[in-house]
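Working through the structure, step by step
Each chain, written out:
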Amino acid sequence: MKKVLVTAMVLGMLAMAGLAWAADTAQVTVNAVVTGTCQFTADGSIDFTLDPSVGGDVNGAVVPPTFWCTKGALYTVTDDNGEWESGATYRMKHEGLDEYIPYTFDYTATATGTGLGRSTTLSLVIASTVVDADYANASSGNYSDTVTLTINP
């Protein structure tokens, strides 16, 4: 009987000790959101050399603007039609006269896409042309326009 009583007491103390030393757990949930974003990394330019004595339509020498977008982000590029647009027609203005030369500005093939991450630079492919009839009788001098591009993921 003493053995049973001692065993019961030891088991009771172990049970109480177990309750006194009981452990519990908790979890911490960790979340992150990677923002879909796009940024231009370099401006572009288009240069024309328009010589009426040679004539013919002239394609611009294009240096495309470059950009990156978050990997997997869908992007769309739009523009403001330039400073001197007339309706949907892009135009360059003479530096000192109220004269304009129309030109085309096309980038539709690369206006939308999916970003590849910040380490992958993308180029906006632009084609631009001045038609012979639009500069054949133009005044000599410098003409310019600025087209502002916007990229949205």
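Described below are features of the structure shown in this document.

1. As for the environment of threonine 76
With respect to the helices, strands and loops of the structure, threonine 76 is situated in strand E6 (residues 74-79). Separated by 76 residues in sequence, threonine 76 and asparagine 152 place their C-alpha atoms 5.5 Å apart. If near-sequence neighbours (up to four positions away) are discounted, threonine 76 is found in contact with Ala111, Thr112, Thr150, Ile151 and Asn152.

2. Observations concerning the pairing of strand E5 (residues 66-69)
Burial of the side chains of E5 extends over both faces: Thr66 and Trp68 are buried on one face and Phe67 and Cys69 on the other. Relative to E5, strand E1 (residues 38-42) runs antiparallel, the two sharing four bridges. Within E5, the residue paired with alanine 42 across the bridge is threonine 66. Relative to strand E10 (residues 122-123), E5 runs antiparallel, the two being bridged by two bridges. When the bridges of E10 are listed, threonine 66 appears paired with serine 123.

3. Remarks on the sheet that holds E1
Backbone hydrogen bonds hold the strands of a sheet together, and the pairing may be parallel or antiparallel. Taken together, three strands build an open sheet; the order of strands is E1-E5-E10 and the sheet is antiparallel. The outermost strands of the open sheet, each flanked by one partner alone, are E1 and E10.

4. Observations regarding unusual backbone geometry
The phi torsion at asparagine 81 lies on the positive side, around 70 degrees, for a residue other than glycine. In this fold, asparagine 81 is placed in the loop between E6 and strand E7 (90-94).

5. What to know about the state of the cysteines
Following the criterion strictly, the structure yields one disulfide and no others. Between the sulfur atoms of cysteine 38 and its disulfide mate cysteine 69 the distance is 2.0 Å. When the S-S torsion is 115 degrees, as for the bridge of cysteine 38 with cysteine 69, the disulfide is right-handed. Here the residue cysteine 38 occupies a position in strand E1, and cysteine 69 occupies one in strand E5, the gap between them amounting to 31 residues. Among the residues examined, cysteine 69 registers a relative accessible area of 0% and is labelled buried.

6. Focus: the sheet that holds strand E9 (residues 112-114)
The strand order across the open sheet formed by three strands is E9-E6-E13, and the pairing between neighbours is antiparallel. Both outer strands of the open sheet, E9 and strand E13 (149-152), are each paired with one neighbouring strand and no more. Taken pair by pair, the neighbouring strands of this sheet meet at an average axis angle of 20 degrees, ignoring direction. As paired strands, E6 and E9 are joined by three bridges and run antiparallel to one another. Of the residues in E9, the one forming a bridge with threonine 76 is threonine 112.

Parameters and conventions
Sequence positions are assigned chain by chain, starting from 1 and proceeding in written order. Thresholds applied to this predicted model are a pLDDT of at least 70 for local features of residues and 80 or more for the giving and counting of side-chain atom pairs; totals over whole chains, interfaces and linings are not thresholded and use all residues. Side-chain metrics rest on all non-hydrogen atoms present in the structure, leaving aside hydrogens and water. We count a stretch as a helix when DSSP gives it H or I for four or more residues in a row; a strand needs E for two or more, and each element gets its number in order from the N terminus. Contacts between residues were defined by any pair of non-hydrogen atoms, one from each residue, lying within 4.5 Å. Burial classes: relative accessible area under 20% of the type maximum marks a residue as buried, over 50% as exposed, and values in between as partly exposed (1.4 Å probe, protein chains only). Strands pair, by our definition, only if DSSP identifies at least two bridges between them. A pair of cysteine sulfur atoms is labelled a disulfide when the two atoms are within 2.5 Å. Axes, fitted as lines to C-alpha atoms, cover a helix only where it is in contact. Angles between the N-to-C directions of the axes lie from 0 to 180 degrees.

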